[in-house]
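For reference, the chains in residue letters:
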Amino acid sequence: MRVGVVNFPGTLDNRDVIRALNIAELTPVEIWHQERNLEKIDALILPGGKSYGDYLRPGALAKTAPIMAAVIEKAKSGLPILGIGNGFQILLEAGLLAGGLAINHNQQFIRRDAEVIVANNNTAWTSRFDRDESIVLPTRNTHGAFTAEAKTLERIEAEGLVALRYENPIGKQSDIAGVSNAKGNVVGLMPHPEFAVEPGFGPDTKDRMRSGVDGLRFFTSLLLNN
Amino acid sequence: MAKIIVNVMPKPVLLDPQGKAISQALERTGNFDFNDVRVGKTLELTVTGDANESVRARAEEVARELFINQELEYISSITIEEN
């Protein structure tokens, strides 16, 4: 299974996503933002980072990259697409997911190993989890406060589009850590599954330091869809 | 050459921690005539041809598509500034 990994100027986590895909026994394919073709790709990941220096708003300029027309077209035809961190922001800006990500309430970069609940296991990227399963994923961001107008939030909740929730949201921020589209093929996550795929290099868990590998199942979920 | 000035403001749903910090600074310095500060941004677009109503409308379209995230921000004004 060939999984495209899109690189924009300022993308940072592409190599970590490639490593995770290799561990999951999937085939990573690097895709440059100036390409326009997504043929022979079975799934797509937009990694985290600071595309275009986070200028204007995180993800706002990346949505104008040449590759994005193909990304939007493929999203509509049902291709599994995962955006992580800045990749999530790009999917929101491109209108493929509902809502927005605002700056953290303390205006600071926050890095922590977060306990999250899989609120929806009926998506292309979460099918290996039990519903309401509690997992641990590293999170690190500055613009991580999921924010939307009341009517958008109501729709997201009513349609069951929340994919992940923080068990302990920071301050008054929303507990939404990830959302999907209605079809479930497009998912955006603020926490980083690609940093929780190998024992010894993952987040701390209750059992042992750095032992967390819950992130791996986001990638291996792809294999269940076929 | 004329410029189009686009002003963007955060919607009430956005916490705007920067504005909040500035409000607190006003309070600290004894400025009690004001109690809420919101910080937006201004974009200046230099117009290549004539500035007219259709260019202004085009600027508004561009602003909606690119300059703002409609979930979080709104365009508070768009004006033409002749030089």
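The paragraphs below set out a description of the structure included in this document. This one's a predicted model, so the numbers in the text were calculated from it and none came from an experiment.

With that settled, the discussion passes to the overall build of chain B. The number of helices and strands found in chain B is 2 helices and 3 strands. Mapped in sequence order, the helices and strands of chain B form the string β-α-β-α-β. In terms of C-alpha radius of gyration, chain B reaches 16 Å, well past the compact-globule figure of 12 Å for 83 residues. In terms of principal-axis extent, the alpha carbons of chain B reach across some 50 × 30 × 15 Å. Looking at chain B as a whole, 31% of its 83 residues qualify as buried. Partitioning the contacts of chain B with sequence separation of at least 6, the portion at a separation of at least 24 is 75%.

Turning to the interface of chain A and chain B, a few remarks are in order. Counting residues at the interface gives 19 residues for chain A and 17 residues for chain B. Taken as a group, Leu56, Arg57 and Glu149 of chain A account for 38% of the area that chain A buries against chain B, more than any other trio of residues on that side. At the junction of chain A and chain B, the tally comes to 2 salt bridges. Glu149 of chain A serves as the salt-bridge partner of Lys11 of chain B, at 2.9 Å between the closest nitrogen and oxygen. No other element matches the 3 residues that strand E5 (residues 100-102) of chain A contributes to the side of chain A that touches chain B. The residue inventory of the side of chain A that touches chain B, partitioned by class, reads 7 nonpolar, 8 polar and 4 charged.

Turning our attention to the side chain of His192 of chain A. All names here are of chain A. Along the polypeptide, His192 turns up in the loop between strand E11 (186-189) and helix H5 (216-225). Taking relative accessible area as the criterion, His192 reaches 2% and is therefore assigned buried. In this structure the side chain of His192 is engaged in a polar contact, spanning 2.9 Å, whose partner is the side chain of Glu194. Discounting residues that sit within four places of it in the chain, His192 has contacts with Asp13, Gly48, Ile84, Gly85, Leu137, Pro138 and Arg140.

Residues and elements named next belong to chain A. With mixed pairing, the 9 strands of this open sheet are ordered in space as E2-E1-E3-E4-E11-E10-E9-E6-E7. The sheet is open, and its two edges are formed by strand E2 (27-32) and strand E7 (134-141), each paired on a single side. The average angle at which neighbouring strand axes cross in this sheet is 25°, direction not considered. Two elements, strand E1 (residues 2-7) and strand E3 (residues 43-46), share 3 bridges in a ladder whose sense is parallel. Bridging across to E3, Val3 finds its partner in Ala43.

Turning to the pairing of strand E10 (residues 176-180) of chain A, a few remarks are in order. Residue and element names in this part refer to chain A. E10 sits mainly inside the fold: 5 of its 5 residues count as buried. Relative to E10, strand E9 (residues 162-166) is paired through 3 bridges, and the arrangement is antiparallel. Note on E10: the bridge partner recorded for Arg165 is Ile176. Pairing analysis gives 3 bridges linking E10 to E11, with the strands arranged antiparallel. Of the residues in E11, the one forming a bridge with Gly178 is Leu189.

Definitions and limits used
Residues numbered from 1 in each chain as written. Chains lettered and ligands numbered in written order. Predicted model: local features only at pLDDT ≥ 70, side-chain atom pairs only at ≥ 80, totals over all residues. Heavy atoms only, no water. Helix = DSSP H or I, 4+ residues; strand = E, 2+ residues; numbered from the N terminus. Rg over C-alpha atoms; globule rule 2.2 N^0.38 Å. Buried < 20%, exposed > 50% of the residue type's maximum accessible area, 1.4 Å probe, protein only. Contact = heavy atoms within 4.5 Å. Buried area = accessible area lost by both parts, 1.4 Å probe. Salt bridge = Lys/Arg side-chain N within 4 Å of Asp/Glu carboxyl O. Nonpolar A, V, L, I, M, F, W, Y, C, P; charged D, E, K, R; others polar. Polar contact = N/O pair within 3.5 Å; in protein donor to acceptor, adjacent residues only side chain to side chain. Pairing = 2+ DSSP bridges. Axes fitted to C-alpha atoms, helices over the stretch in contact; angles between N-to-C directions.

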